[in-house]
Amino acid sequence: MATATAQALRVMKVSGNSRNVEEARARVFDFFKLACRSLPAVMDIYNLDDVVTKSQLRSAISSQIRKNSHITNAKVIDMLLFKGMEELGNIVEHHKQRHHIIGQYVLGKDGTLHDSSIKDPGTSDFLKNFYSGNYF
Amino acid sequence: MAAVSATCLRFQPLFSQLKKSSQAAAGLKPVALGWAKNTGFPSLKASRFRVSCAAKPETVDKVIEIVRKQLALTPETELTNESKFAALGADSLDTVEIVMALEEEFDINVEEENSQNITTVREAADMIDKLVQEKAGGGS
């Protein structure tokens, strides 16, 4: 099954020259569907069944896509899609290892599992900005 | 949750009618014949929302549950057959994600053109039932 998805990835060309944002949006959805359909293979390769569910991985992928949802330049979107396809190909062809996947897609910012999406109201704004970056 | 239990209650008379009609039509496909007969029953007219003939209630329930989890809705939000995903606060990526979650749950494959048209709960349930039937028909 892993080889089938790897072949599907090679055949499927998601990146390309989009003329406008709408075409790029369609490519983004194609990429997302491709990634979701290769999730069973990924769970199998890296033995992630007891750490995370497919739906958590799906929401991790979609939140990464959403981080770039404000971009309006079609060529930039194409470039991001190219990088996304490269990453997906690396993961499916087992070029990465389990701890990479867990660290990058399963764990949240504070090192805990992705479930805690509830914001802690007690932290100050200064600390929130400080944790996320240097410039604020 | 009160809305959901009302749904279950309403579907009881539909199921009993279906059983009687399927016993009567031995040899024919019970699903098609039973649902075709149901359009005339007074219980269908009395129910608050019209259930499409093709969608099974447990499919609709599973779809609703997946939508609720995906969009992180509170239990009080009303989710009926006619609820549009966009009205519930889903953007286009959310809709694609819901379709993917349904693909995983029901073990089906949604083609490109089908996925563009899914905007309500009912359309999703209809398409799922059709694909599951096709899959079962092709496999046997």
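Description of the structure in this document. (Residues numbered from 1 in each chain as written. Chains lettered and ligands numbered in written order. Predicted model: local features only at pLDDT ≥ 70, side-chain atom pairs only at ≥ 80, totals over all residues. Heavy atoms only, no water.)

## Thoughts on the nonpolar core
Right, on to step 1. F32, Y46, L48, L57 and I65 of chain A are the most contacted members of the largest nonpolar core, which has 32 residues in total.
Right, on to step 2. For this core, the elements supplying multiple residues, two or more each, are α2 (21–37), α3 (39–46), α4 (54–67), α5 (74–92) and α6 (98–106) of chain A together with α5 (92–106) of chain B.
Right, on to step 3. Broken down by element, the residue count for this core peaks at eight residues, all from α2 of chain A.
Right, on to step 4. For Y46 of chain A, the contacting residues outside a window of four places in its chain are N90, I91, H94, H95, K96, Q97, R98 and I101 of chain A. (Core = buried A, V, L, I, M, F, W, Y, C linked by side-chain atoms within 4.5 Å. Buried < 20%, exposed > 50% of the residue type's maximum accessible area, 1.4 Å probe, protein only. Helix = DSSP H or I, 4+ residues; strand = E, 2+ residues; numbered from the N terminus. Contact = heavy atoms within 4.5 Å.)

## Some thoughts on the environment of M100 of chain B
Right, on to step 1. Take M100 of chain B: it is sitting in helix α5.
Right, on to step 2. M100 of chain B gets classed as buried once you look at its relative accessible area, which sits at 3%.
Right, on to step 3. Once residues within four sequence positions are removed from consideration, M100 of chain B is found in contact with F32, K33, C36, R37 and R58 of chain A.

## Some remarks on the interface of chain B and chain A
Right, on to step 1. The interface is formed by 15 residues belonging to chain B together with 14 residues belonging to chain A.
Right, on to step 2. At the boundary of chain B with chain A, total buried surface from both sides reaches about 1300 Å², with 52% on carbon and sulfur atoms.
Right, on to step 3. On inspection of chain B and its partner chain A, the count reaches five salt bridges.
Right, on to step 4. Our count for the contact surface shared by chain B and chain A stands at seven residue pairs in polar contact (both at pLDDT 80 or more).
Right, on to step 5. Listing elements by their share of the side of chain B that touches chain A, those giving two or more residues are α5 and α6 (112–116) of chain B.
Right, on to step 6. When residues of the side of chain B that touches chain A are assigned to their parent elements, the largest contribution, nine residues, is made by α5 of chain B.
Right, on to step 7. Of the residues that constitute the side of chain B that touches chain A, the class distribution is five nonpolar, three polar and seven charged. (Buried area = accessible area lost by both parts, 1.4 Å probe. Salt bridge = Lys/Arg side-chain N within 4 Å of Asp/Glu carboxyl O. Polar contact = N/O pair within 3.5 Å; in protein donor to acceptor, adjacent residues only side chain to side chain. Nonpolar A, V, L, I, M, F, W, Y, C, P; charged D, E, K, R; others polar.)

## Some thoughts on the packing of α3 of chain A against α5 of chain A
All names here are of chain A.
Right, on to step 1. It is at 9 Å that the axes of α3 and α5 come closest, and there the two elements cross at 45°. It follows that α3 is oblique to α5 by the angle criterion. Listed contacts from α5 to V42, I45 and Y46 of α3 are N90, I91 and V92.
Right, on to step 2. In the contact of α3 with α5, the residues fall into five nonpolar, one polar and no charged. (Axes fitted to C-alpha atoms, helices over the stretch in contact; angles between N-to-C directions. Parallel < 35°, antiparallel > 145°, perpendicular 65-115°, else oblique.)

## Looking at a nonpolar patch on the surface
Right, on to step 1. Among the surface-exposed residues, F126, L127, F130, Y131 and F136 of chain A lie close enough to one another that they form a single nonpolar patch of about 590 Å² accessible area.
Right, on to step 2. Note on F126 of chain A: relative accessible area 53%, which makes it exposed. (Patch = residues over 30% accessible without salt bridge, like charges linked within 9 Å, V, L, I, M, F, W, Y side chains within 5 Å. Areas by Shrake-Rupley, 256 points an atom, 1.4 Å probe, with all protein chains shown as cover.)

## Some words on the packing of aromatic side chains
Residues and elements named next belong to chain A.
Right, on to step 1. For the structure on display, the rule yields two aromatic pairs over all chains.
Right, on to step 2. Relative to F130, the ring of F126 lies with its centre 6.2 Å away and its plane at 15°, an arrangement referred to as stacked. Residue F126 and its partner F130 are both found in helix α7 (residues 125–132); the two are separated by four residues, about one turn of the helix.
Right, on to step 3. Within the aromatic cluster, the residues linked to one another by ring pairs are F126, F130 and Y131. (Phe/Tyr/Trp six-rings, centres within 6.5 Å; stacked < 30°, edge-to-face > 60°.)

Interpretation in functional terms is not warranted from these geometric data alone.
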